[in-house]
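Below are the chains, spelled out letter by letter.
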Amino acid sequence: MSSNKRAGVIYVKIDGALHDAKGTWTYNPGLPKNEASVGADRTHGYKSTPQVAFIEGEITDSKNLDIEKLFTLDGATITLELANGKVFVLREAWFAGEGSVTTEEAAIAVRFEGMSGEEIK
């Protein structure tokens, strides 16, 4: 059965544990970034530089969420399950955010960076 669904409900898991995701999430598989190499006469080609694989967005704080454990996370597997059926997996990940929690919406901005990222279709 085919689905035309492109966006909507997502799921974020840290080492298999589901967390309360909110808002917009962004991910990058860490593929090389290509940038033009331009001389005084013309474009000479491009250079390729590495990028870090990451997942970032917001989660909702809860009574059972261990903030210190979250902010010191290292060596984790983070998964982002999308409404269109794709799953993005970030491996050997660490917390790379600021470590702030807002009280009005109980929102925690999170950024996880990792050694590798892979989109599974």
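A. Region of interest: unusual backbone geometry. Despite not being glycine, Asp 15 shows a phi value in the positive range, around 50°. Along the chain, Asp 15 turns up in the loop between β1 (11–14) and β2 (17–19). The exposed category is assigned to Asp 15, whose relative accessible area is 51%. A positive phi angle, close to 55°, is found at Ala 106, a residue other than glycine. Overall, Ala 106 belongs to the partly exposed group, its relative accessible area being 22%.

B. Spatial organisation of the nonpolar core. Counting residues in hydrophobic clusters, the biggest one holds 19 residues, and the most contacted among them are Leu 70, Ile 78, Leu 90, Val 110 and Phe 112. Contributions of two or more residues to this core are made by β1, β6 (53–60), β7 (74–81), β8 (87–95) and β9 (107–114). Contacts of Phe 112, omitting those with residues within four sequence positions, involve Ile 14, Ala 53, Phe 54, Ile 55, Leu 70, Leu 73, Ile 78, Leu 90, Trp 94 and Phe 95.

C. Spatial organisation of the pairing of β7. Two elements, β1 and β7, share 4 bridges in a ladder whose sense is antiparallel. When the sheet's bridge partners are listed, Lys 13 is paired in β7 with Thr 79. Here β7 pairs with β8 via 6 bridges, running antiparallel. Note that in β8 the partner of Ala 76 across the bridge is Ala 93. Here β7 hands over to β8 after 5 residues, with Gly 85 in that stretch at a positive phi of 100°.

D. How the structure looks around the side chain of Glu 113. Topologically, Glu 113 is positioned in strand β9. Here Arg 111 takes part through its side chain, which lies 2.8 Å from a polar atom of the side chain of Glu 113. For Glu 113, the residues in contact, after removing those within four places along its chain, are Val 52, Ala 53, Phe 54, Leu 90, Glu 92, Ala 93, Trp 94 and Ala 96.

E. A look at the pattern of salt bridges. The tally for this structure, following the rule as stated, stands at 6 salt bridges. Glu 56 is the partner of Arg 111 in a salt bridge, and the nearest nitrogen-oxygen pair spans 3.4 Å. Note that Arg 111 is positioned in strand β9 and Glu 56 in strand β6, a separation of 55 residues in sequence. Residue class for Glu 56 comes out partly exposed when judged on its relative accessible area of 28%. A salt bridge links Arg 111 to Glu 113; its shortest N-O distance comes to 2.8 Å. On the basis of relative accessibility, which here comes to 17%, the residue Glu 113 falls in the buried class. Salt bridges linked by common partners bring Glu 56, Arg 111 and Glu 113 together as one network.

What counts, and at which threshold
- Residues numbered from 1 in each chain as written.
- Predicted model: local features only at pLDDT ≥ 70, side-chain atom pairs only at ≥ 80, totals over all residues.
- Heavy atoms only, no water.
- Helix = DSSP H or I, 4+ residues; strand = E, 2+ residues; numbered from the N terminus.
- Buried < 20%, exposed > 50% of the residue type's maximum accessible area, 1.4 Å probe, protein only.
- Core = buried A, V, L, I, M, F, W, Y, C linked by side-chain atoms within 4.5 Å.
- Contact = heavy atoms within 4.5 Å.
- Pairing = 2+ DSSP bridges.
- Polar contact = N/O pair within 3.5 Å; in protein donor to acceptor, adjacent residues only side chain to side chain.
- Salt bridge = Lys/Arg side-chain N within 4 Å of Asp/Glu carboxyl O.

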